2 protein chains.
Amino acid sequence: DAGVAADSASASAAAQAFAPLDTFLRRHNGPRDSDVDAMLQALGFKSLDEMISATVPDAIRLKEPMTIADGEYAEKELLAKLKDIASQNQIYRSYIGTGYTDVVVPPVILRNILENPGWYTQYTPYQPEISQGRLESLLNFQTVVADLTGLPAANASLLDEGTAAGEALVVCLNASRKKTRNVFFADENCHPQTLAVLRTRAEGFGAEIVVGDYKTFDFASLGDRLTGALVSYPDTYGNIGEYKALADQIHSQGAQLVAVADLMSLAVLQPPGEFGADIAIGNTQRFGVPLGFGGPHAAFFATTEANQRRIPGRIIGVSRDAEGNRAYRLALQTREQHIRREKASSNICTAQALLANMAAMYAVYHGPEGIRNIADRIHRFTQVLAASVTAAGHTVENTSYFDTLKIRVADGSSAAEVHARADARRINLRKIDDQHVGVQLDEAITREELAQLVEVFNGDVSALDSLVTSVAQTAAASAAIPAGLARQSAILTHPIFSRYHSETEMLRYITQLQNKDLSLANAMIPLGSCTMKLNATTELIPITWPEFGQIHPFAPREQTKGYAKMIQDLEEDLATITGMDATTVQPNSGAQGEYAGLRAIRAYQASQGESHRNICLVPESAHGTNPASAVMAGLKVVIVKCDSKGNLDLADLEAKAAKHAKNLSAVMITYPSTFGVFEEGVLKAINIVHSNGGQVYMDGANMNAQVGLTSPGHMGADVCHLNNHKTLAIPHGGGGPGVGPICVKKHLAPYLPGHPELVKADGTPQSAVGPVSAAPYGSAGVLPVTWSYVKLLGGRGMTEVSKTAILNANYMANRLRDHYSVLFTNENGMCAHEFILDTRPFGKTAGVQAIDIAKRLQDYGFHPPTMSWPVPNTIMVEPTESESKEELDKFCDAMIAIREEIREVEEGKQPKGDNILTNAPHTISTLSAEEWNRSYPRQRAAYPLPYLKERKFWPSVSRIDDTYGDLNLVCSCPPMDTYQ
Amino acid sequence: DAGVAADSASASAAAQAFAPLDTFLRRHNGPRDSDVDAMLQALGFKSLDEMISATVPDAIRLKEPMTIADGEYAEKELLAKLKDIASQNQIYRSYIGTGYTDVVVPPVILRNILENPGWYTQYTPYQPEISQGRLESLLNFQTVVADLTGLPAANASLLDEGTAAGEALVVCLNASRKKTRNVFFADENCHPQTLAVLRTRAEGFGAEIVVGDYKTFDFASLGDRLTGALVSYPDTYGNIGEYKALADQIHSQGAQLVAVADLMSLAVLQPPGEFGADIAIGNTQRFGVPLGFGGPHAAFFATTEANQRRIPGRIIGVSRDAEGNRAYRLALQTREQHIRREKASSNICTAQALLANMAAMYAVYHGPEGIRNIADRIHRFTQVLAASVTAAGHTVENTSYFDTLKIRVADGSSAAEVHARADARRINLRKIDDQHVGVQLDEAITREELAQLVEVFNGDVSALDSLVTSVAQTAAASAAIPAGLARQSAILTHPIFSRYHSETEMLRYITQLQNKDLSLANAMIPLGSCTMKLNATTELIPITWPEFGQIHPFAPREQTKGYAKMIQDLEEDLATITGMDATTVQPNSGAQGEYAGLRAIRAYQASQGESHRNICLVPESAHGTNPASAVMAGLKVVIVKCDSKGNLDLADLEAKAAKHAKNLSAVMITYPSTFGVFEEGVLKAINIVHSNGGQVYMDGANMNAQVGLTSPGHMGADVCHLNNHKTLAIPHGGGGPGVGPICVKKHLAPYLPGHPELVKADGTPQSAVGPVSAAPYGSAGVLPVTWSYVKLLGGRGMTEVSKTAILNANYMANRLRDHYSVLFTNENGMCAHEFILDTRPFGKTAGVQAIDIAKRLQDYGFHPPTMSWPVPNTIMVEPTESESKEELDKFCDAMIAIREEIREVEEGKQPKGDNILTNAPHTISTLSAEEWNRSYPRQRAAYPLPYLKERKFWPSVSRIDDTYGDLNLVCSCPPMDTYQ
Ligand SMILES: Cc1ncc(COP(=O)(O)O)c(C=O)c1O
Ligand SMILES: Cc1ncc(COP(=O)(O)O)c(C=O)c1O
Ligand SMILES: O=C([O-])O
């Protein structure tokens, strides 16, 4: 019927006329329409769809477009829409504590770090010459932690306090060596979520967690089965334990003492290192990081020298560069799971760098005196509150405290009444039981707020002034702090903490560090497997809205409806994207997702009476986190080979699956493979595993090539994770935050991780499976980024994104093919969204290694691609869809020019081992030296291509000596006199 | 009574315990307490107060501490308090138009320019080698303006459309030459505020403004008395005038045509240059700059080549550097009032650089196609609205339109009913009269909003879809655009507007430019007379709150109570600070304040029957804006001498005051003087002028040395201005925004500027004096910065600030005294908050000029101080209180090292004219050149002091050739091929 057709044509013309003009897709994608045409032409395709058909096997393609409810907003509209949702969160003043407090984020840090792409878009500082800024800041973080805990070695953050406890357990187990030493004590007054995550983590290692009261527990009875003990300092109800005797006791049994410590309290309490703790862990949120409904925050890990090489995660170390100048770098990387794989005992990869930087800067900003004053003030107000509630007839049950009180309400009253009065004032207190209420104070508290709290407890507000003058003015003098536990040692003694206390100085310090780091604000960061795409401003703006930032993770559900709605939307959309049935956003990194996913598989198998299934097939090409996660989930890793084309060796898979059929738990597959190819055989591989009784885990690191084209669920996987910090626009922050949600098929849905706070109406747990993160929704505070990304693009836009990512990669591979060999492609010569360039031959021909090419790329103004992974001595390039054709071409020009430089060495025009590549990168200082005895001119070293005159990024140090750094490990700030 | 004393002691102890810990003062001021002690010791004082006593004459000191109601908030509390006030503003959707529209600020520009200290804290780019970033961006601005208006020469912004009209008038007058050619026609359908400011401006020049209907006016009757004509394109009611014939007519009379143009409409309308306009002016607010209750926004000024050297304000030009590379700079500065003084015809100094940058970036972001699509969409929706309201029985009275309609409501209805329906939907329309309503659409409009508008006019919403498809899809095809007035020429043709359309590219472009510019985020900017102090994050955060940003300046008063409260607070506090009785915040720069103040004096004198008083005494040391403002206010400038110590020559003053007693209108005094000294004689000077019947105008540029110690009012001045962008923390933005409020004694209060929108309840004007700015409260959008500054510090804090500013300056002067001669100090050897170093002797001894020292300072990582003002070939240093002792010391170290470098030339170790000073600054490119034939080593050029290894800022070009640039004037972007 022509009339109907005309009607619908005109309706769609009207819809088009009214559609927002400035669609986000064209801002997110790099290439303009005309560029896309030119690129397709270069590749010999008539359309994007034709190119995709040649790249993605038809057998796995989605048959229907992916639909995302309610997507494709204009940016302005999106923000309005999200603001509506955010407004359903109620901002209460929170004294719930339990590991999370209100904070005062110094505005200069808020604006210039958390809201600054110069700080949030960098990658993990694997290229130290162009990362000295955040390396210095993370070293400051380690110094803060080491200083306050009184332990010499610290790392550059962990995911949260709960997982830090898990990591500590493993360090104890590893230190113990003997398998039978596997009992770990945990004091019952640790935070509930910390205990819960610890219990989860213990399972895979076959460790036994014994929870008890450290004061009465019979440690001796455990003999040499004891591997360690965890205590909380102060504990969850505020008491300050005296752990010296305990430390002696458990040391005498050959075990280690782990203290969960509150960093602020350590300003005034004896540091754990001084009473004998071997490990201190905890959350640094209260050092100026917003609550964010539970995260992201940086956890810390500090320990003794003896444990130094067992520290999980990333450690910043001090080394020197080619000219002997001091330089920072990632130290001791051989400990990490990307090297140790199934022998690793931790899978942590993405951590919490951005938040660690905030916490470090908070310490730099306040300095020793400032932090101490804050701590004293908090304590003084806590004393006032204690006196006031006592006067009002309640009982403070604490034997000691820093800032947290457990209050037994007066006879005749009830906790419910107290909570009701609090609620009327938009205040949250901790709910303990019918008769007990918990309160933790924080730096944000004002007189008015204290007065309100006093009212909540029916106290006498008029007595406040006299109380505040009568209580001890410092924690050191307070009766609430046990004798001998007041801190004697000075805090934050390094001069870096006493230099930048005016806003001007602070701003300049932040700027100075920022300018040493190449971020996405400077140039492409084509890191294979990392998907360094645009982190759009519109996506980032909401995360600093107070409606998202100032929500305590354990706030009553009535107050968090905005988060609930946003998370529900996201869970649904992520399930759509992955072709699955259910989602959890709890894991706060990809590796955590892997672990949570494998645990879901195991729990499911246990429910089927198949808990004996303990074999995990892992391709040799897998990312190191895969085997590490499998081990942590209690699985045995069996390696599956890849063939010469980089594909999974299906025969080997079939043989191993059959061999282990009885005990086969799962296979872990990355798709497209870590070699950057859409393997044809994936469906067959999935089938093999399923038919041998196994489950299929799909690693979603490469989802940026899949979204809208295919999906793990569509291919038949049972569970997958997503790296929201790759595919879904959360910025990398220089090494975190991350979000690693997992999506599962229906049968696995009941086995997604639970959480002590996630209970049904009847109070029973929502899931029988333990939590993998300290907060119920992990790093909820950055979820608005992904929600916004998904809604701005919708299903159609995200599909275009995938296609463009593939186009960009193939365009580059094609340009570079005449100069380098592109290692793995499909039968049509196509790569997925990334590709590997083989740089191995140059070792022979020119003595040039991948690392030399990477360092030389710095001279060309680019962040080098991923190096030596998954294939040693090669580089893996992933441009992402956000890069423009101009940028891709610049990078290709650089790579081609480098190839010509290599040729000069091959041809003897420059000597092997002392040429423009092996001497790279070149700093300004080198280039302006009086002497120049090199085989190439200065200007060629500096400006090898014309575009560099317009845009050049300068490395701040020369090539760094890794070996020296590892041999002479220094992982806190060196003394000031070494600075000049 | 001891009891009372004890009570009050304990009350104050309690108050102290409860006081906010992290007070803003210690963040704002640079020196720590211990630094202050060390600095006082170096100066030989026991206390700050002792130092102040030796500096500020006792006779002028305040006897009581200055009290600011309700000051000294903690930063967090301040933001909460201001949010409460802001919330009293109601955000309505505005279609009021009249020169201001809603906008969509591209988030990448919002975050990375408006909210980025790297862009908002720079100074005017007087030092081009370290300012190439914003110079390029401002050149883009000029290119946008030139391109869209079709006129070849444009400047880098004016204060607002009203003052731009005033400037255009003066250009016409100047071009005319003959005094009798002084009648200026203005079409009655220009915006009312533009006409009002034009009328104000005309007064001082004795020009006659004739307002009429250009279509019927008898121009010939004016013969050669006609100097110019102003028309609006489109006009205030939306009609698009056909001005070609008019242009011919007035050209035939030897006069010029000035078109007020709307930049967005020019994307689709014939540009003014093509129909014969000689000058085009207008507001660029709708290019992505928030409404902000009327400002700050950048106005533009474009004209013919013939008028080029008459353009007011700053012009960016293209020149070359010492190596022949292209480089940008401020061109044709000899036109400006700091050179021409009382011969200048404009006083504009601070302009609107930051907002011009935003507008330029908006054009870069959208590009030709984007802007054209936006304009087409706006027009298409306007057609839909026109059709819809017509169908609903109303009459669109426009003969033509782009985006604005004047609607006569249907018989039986009334404008009031329409406004009531609008109000119910939180919509503002323009109030014209009982029967007419005005509507202007903008880029922000959505389908929902258009539907709401249709409802407001009782239109048929269901017809929207068919209407939108039936109306012309582009403005070029629309019947509403007069034949021949659709734009034929392409827009934004320069490649710069087609390069950066993805967010990633845009972000990198912004970052790349930012990194070329030395801002306060990098180092001290010790510009004498400019007070480059901290612009604290907390002060800046509120300006992008929608409650402040999204308010139309002519919104009904019920909706702007938050602004009213904030402005009232501010007016009171500024009166307190200056010791005056009344304040207006309307002037949007210091120079505007001068002009407004002098006008108040004249109006007052007229009210006393003394309008003949027309002599203004101006010391020879005065800033160039003083004499220029006096001339603009219709005064004759008589110069008063200064003595050899830099003090006002009181004898000369007395003689001249006496001589002109009959006609004496005013004296303009800067205090402390522009030589940086608290002159003893100021009271006497004031007395002399008063006793000769004159009024005293005090230039407040140096108020940073006065606040809380003395005040203009206290000393006896009648009126003064403040530079909020100096003393009161508004950032300089690379040359604006500014706010120049004036404060007056009671007798002058009735003569503060009014505004068409400022009417009493009975509809009569609040002031008989005309407005000096287009918006009633000038640059209201940045007033929250000053409000916050004042409230954060309170009277006590601001007084400490003044003392610290004086301390910092004296500390530096003292350190430098052995190396340079400090030109002016008081009898105790003390300077005020700034001091002048005499560099004149080095011309003779070493051929080194002040400029060489300035350029060499760039190599030391500093922004040079003010050069050659107020004394030629000297430099004037103003550190401000925000700089730390460490930074002051670094700067002194640099100056001392430079003195030694000069000595080397004096001693013949380096040749005159080719040495480390005359060749400065040194770029990376120079330093890494293959050849090095200089008399000093590369490393000394690059890193003359050790601190530079830690922090160095690199100039991006070598020294710029000013003469070349002025001889070969190019003031829009040069063609792309010259870029490589
Ligand atoms: C293939 C693959 N799997 C897993 C991970 C681990 O993710 P995360 O760093 O978020 O823990 C990565 C990280 O780069 C990866 O590339
Ligand atoms: C002494 C003096 N007066 C007046 C002005 C003019 O102020 P504005 O630039 O805000 O117009 C200045 C500017 O630097 C100045 O230094
Ligand atoms: O802007 C000045 O001329 O000081």
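### Details of the overall build of chain A
When helices and strands are tallied, chain A shows 34 helices and 26 strands. Here chain A has a C-alpha radius of gyration of 28 Å; the compact-globule value for 980 residues is 30 Å, and the two agree. In terms of its C-alpha atoms, chain A occupies a principal-axis envelope of roughly 85 × 85 × 60 Å. Buried positions account for 69% of the 980 residues belonging to chain A. Taking the average location of the 87 positive side-chain charges in chain A and that of its 108 negative ones, the two points are 4 Å from each other.

### Focus on the packing of aromatic side chains
Residues and elements named next belong to chain A. Applying the stated rule across the entire model yields 48 aromatic pairs over all chains. Centre to centre, the rings of phenylalanine 548 and tyrosine 563 are 5.1 Å apart; their planes meet at 65°, and the pair counts as edge-to-face. In this pair, phenylalanine 548 is assigned in helix H20 (residues 546-549) and tyrosine 563 in helix H21 (residues 561-578), connecting sequence segments 15 residues apart. Summarising the burial analysis for this pair, phenylalanine 548 and tyrosine 563 share the class buried. Of the aromatic side chains, those joined through ring pairs into one cluster are Phe293, Trp545, Phe548, Tyr563 and Tyr777. Here the basic side chain of arginine 320 rests over the ring of tyrosine 964, its NZ or CZ set 3.8 Å away from the ring centre. Lying over the aromatic face of tryptophan 954, lysine 952 brings its terminal NZ or CZ to 4.3 Å of the ring centre.

### Let's talk about the interface of chain B and chain A
Contact residues are listed per partner, giving 86 residues for chain B and 86 residues for chain A. Counting each side, the surface lost to burial between chain B and chain A is near 7,400 Å², with a carbon and sulfur contribution of 50%. Counting across the chain B and chain A interface gives eight salt bridges. For arginine 508 of chain A, the salt bridge identified is with glutamate 883 of chain B, shortest N-O distance 2.8 Å. Where chain B meets chain A, there are 45 residue pairs in polar contact (both at pLDDT 80 or more). Among the elements that line the side of chain B that touches chain A, the one with the most residues is helix H14 (residues 353-391) of chain B, at eight residues.

### Quick notes on the site of ligand 2
All names here are of chain B. Taken together, 14 residues sit near ligand 2, with Thr350, Ser529, Gly590, Asp699 and Lys726 positioned nearest. The separation between an oxygen atom of ligand 2 and a polar side-chain atom of serine 529 is 2.6 Å. Lysine 726 places a polar side-chain atom, nitrogen or oxygen, 2.5 Å from an oxygen atom of ligand 2. The fraction of the free accessible surface of ligand 2 (390 Å²) that becomes covered by protein chains is 98%. Take the shell around ligand 2: its biggest share by element is three residues, from helix H22 (residues 590-607). For the shell around ligand 2, the per-class residue count stands at three nonpolar, eight polar and three charged.

### Concerning the site of ligand 1
Residue and element names in this part refer to chain A. Around ligand 1 there are 14 residues in total, and Thr350, Ser529, Asp699, His725 and Lys726 lie nearest to it. Contact distances for ligand 1 include 2.8 Å between an oxygen atom and a backbone N or O atom of alanine 591. In the environment of ligand 1, an oxygen atom lies 2.6 Å from a nitrogen or oxygen atom belonging to the side chain of histidine 725. Relative to its unbound accessible area of 390 Å², ligand 1 is 98% covered by the protein chains. Looking at which element gives the most residues to the shell around ligand 1, the answer is helix H22 (residues 590-607), with three residues. When grouped by side-chain class, the residues that make up the shell around ligand 1 number three nonpolar, eight polar and three charged.

### Section: the relation of the copies chain B and chain A
Placing chain B over chain A gives an RMSD of 0.0 Å and needs a rotation angle of 180°, together with 0.0 Å of translation along the axis. What the superposition gives is, in effect, a two-fold axis relating one chain to the other. Ranked by how close their C-alpha atoms come to the rotation axis, the residues of chain B are headed by serine 928 of chain B, at 2.5 Å. Interface residue correspondence from chain B to chain A reaches 100%, placing this contact among same-surface, isologous pairings.

### Some details on the sheet that holds strand E15 (residues 436-440) of chain B
In sheet architecture, strand pairing relies on hydrogen bonds along the backbone and comes in two forms, parallel and antiparallel. Residue and element names in this part refer to chain B. If you trace the four strands from one edge of the open sheet to the other, you get E11-E12-E15-E14, paired in antiparallel fashion. Of all strands in the sheet, those with a lone pairing partner are strand E11 (395-396) and strand E14 (430-431), marking the two edges. Pairing geometry for E14 and E15, over two bridges, is antiparallel. Pairing of lysine 431 across the sheet is with valine 437, part of E15. Along the sheet, H14 contacts E11, strand E12 (404-408) and E15; its crossing angle with E12, the most-contacted strand, is approximately 5°.

### Examining the environment of proline 495 of chain B
All names here are of chain B. Along the polypeptide, proline 495 turns up in the loop between helix H17 (464-470) and helix H18 (503-514). Note on proline 495: relative accessible area 32%, which makes it partly exposed. Along the chain, proline 495 and proline 974 lie 479 residues apart, while their C-alpha atoms are 10.0 Å from each other.

### A closer look at the pairing of strand E9 (residues 315-320) of chain B
Residues and elements named next belong to chain B. Burial analysis of E9 places five of its six residues in the buried class, the great majority of the element. Summarising the sheet, E9 and strand E10 (residues 326-331) pair through six bridges and their orientation is antiparallel. Its bridge partner lying in E10, isoleucine 316 is registered against leucine 330. In textbook terms, the turn of a hairpin is the stretch between consecutive antiparallel strands, and for E9 and E10 this stretch comprises five residues, one of which, glycine 324, has a positive phi near 85°.

### Side note on the pattern of salt bridges
Overall, the coordinates contain 94 salt bridges over all chains when judged by the stated rule. Of the charged contacts in the structure, one is a salt bridge between lysine 244 of chain A and aspartate 248 of chain A, with a shortest N-O distance of 3.1 Å. Note that lysine 244 of chain A and aspartate 248 of chain A are positioned in helix H11 (residues 244-252) at a spacing of four residues, about one turn of the helix. In this structure, lysine 406 of chain B and glutamate 397 of chain B form a salt bridge, with 4.0 Å as the shortest nitrogen-oxygen distance.

### Section: the sheet that holds strand E16 (residues 582-584) of chain B
All names here are of chain B. Taken together, seven strands build an open sheet; the order of strands is E16-E22-E21-E20-E19-E17-E18 and the sheet is mixed. The sheet terminates laterally at E16 and strand E18 (636-640), the two strands that pair on one side only. Sheet twist, expressed as the average angle between the axes of neighbouring strands with direction ignored, equals 20°. In terms of strand pairing, strand E17 (residues 615-619) meets strand E19 (residues 664-670) through three bridges, oriented parallel. By the bridge assignment for E19, leucine 617 is matched with valine 667. The strands touched by helix H25 (residues 682-691) are E19 and strand E20 (695-699); relative to E20, the strand with the most contacts, the crossing angle is about 140°.

### Brief notes about the pairing of E20 of chain B
Residue and element names in this part refer to chain B. Burial runs high along E20: five of the five residues are buried. Burial along E20 is two-sided: the face carrying Gln695, Tyr697 and Asp699 and the face carrying Val696 and Met698 are both buried. In terms of strand pairing, E19 meets E20 through five bridges, oriented parallel. By the bridge assignment for E20, alanine 666 is matched with glutamine 695. Following the backbone out of E19, through H25 and into the adjacent parallel E20, one traces a crossover that is right-handed. With two bridges connecting them, E20 and strand E21 (residues 719-721) associate as parallel partners. Directly across from methionine 698, in E21, lies its bridge partner cysteine 720.

### Observations regarding the confidence of the model for chain A
Taken as a whole, chain A shows an average pLDDT of 96; of its residues, 99% reach a score of 70 or greater. Both confidence scores are given for the complex: pTM 0.98, ipTM 0.97.

### Structural notes on the packing of helix H6 (residues 107-114) of chain A against helix H18 (residues 503-514) of chain A
Residues and elements named next belong to chain A. Two elements in contact, H6 and H18, have axes separated by 10 Å at closest approach and are oriented at 15°. Classified by the interaxial angle, the pair formed by H6 and H18 is roughly parallel. H6 and H18 meet at a crossing whose hand is right-handed. From H6, Val108, Ile109, Asn112 and Ile113 reach across to H18, where they touch Glu503, Met506, Leu507, Ile510 and Gln514.

### Some thoughts on the environment of glycine 254 of chain B
For glycine 254 of chain B, the position within the fold is in the loop between helix H11 (244-252) and strand E6 (256-261). It is 9.6 Å that separates the C-alpha atoms of glycine 254 of chain B and arginine 181 of chain B, two residues lying 73 residues apart in sequence.

### As for the packing of helix H9 (residues 161-176) of chain A against helix H10 (residues 192-205) of chain A
Residues and elements named next belong to chain A. Relative orientation of the contacting elements H9 and H10 amounts to 40°, with a least axis distance of 8 Å. With respect to H10, the axis of H9 lies oblique. Along this stretch, H9 crosses H10, giving a crossing that reads as right-handed. Residues Glu161, Gly162, Thr163, Ala165, Gly166, Glu167, Leu169, Val170 and Leu173 of H9 pack against Thr194, Val197, Leu198, Arg201, Ala202 and Phe205 of H10.

Conventions we followed
- Residues numbered from 1 in each chain as written.
- Chains lettered and ligands numbered in written order.
- Predicted model: local features only at pLDDT ≥ 70, side-chain atom pairs only at ≥ 80, totals over all residues.
- Heavy atoms only, no water.
- Helix = DSSP H or I, 4+ residues; strand = E, 2+ residues; numbered from the N terminus.
- Rg over C-alpha atoms; globule rule 2.2 N^0.38 Å.
- Buried < 20%, exposed > 50% of the residue type's maximum accessible area, 1.4 Å probe, protein only.
- Lys, Arg positive; Asp, Glu negative; His and termini not counted.
- Charge placed at Lys NZ, Arg CZ, Asp CG, Glu CD.
- Phe/Tyr/Trp six-rings, centres within 6.5 Å; stacked < 30°, edge-to-face > 60°.
- Lys NZ or Arg CZ within 6 Å of the ring centre and 35° of its normal.
- Contact = heavy atoms within 4.5 Å.
- Buried area = accessible area lost by both parts, 1.4 Å probe.
- Salt bridge = Lys/Arg side-chain N within 4 Å of Asp/Glu carboxyl O.
- Polar contact = N/O pair within 3.5 Å; in protein donor to acceptor, adjacent residues only side chain to side chain.
- Near = heavy atom within 4 Å.
- Areas by Shrake-Rupley, 256 points an atom, 1.4 Å probe, with all protein chains shown as cover.
- Nonpolar A, V, L, I, M, F, W, Y, C, P; charged D, E, K, R; others polar.
- Least-squares fit on C-alpha atoms with pLDDT ≥ 70 in both.
- Pairing = 2+ DSSP bridges.
- Axes fitted to C-alpha atoms, helices over the stretch in contact; angles between N-to-C directions.
- Right-handed = clockwise from strand over helix to strand, strands pointing away.
- pLDDT = per-residue confidence, 0-100.
- Parallel < 35°, antiparallel > 145°, perpendicular 65-115°, else oblique.
- Left-handed = near helix turned anticlockwise from the far one by under 90°.

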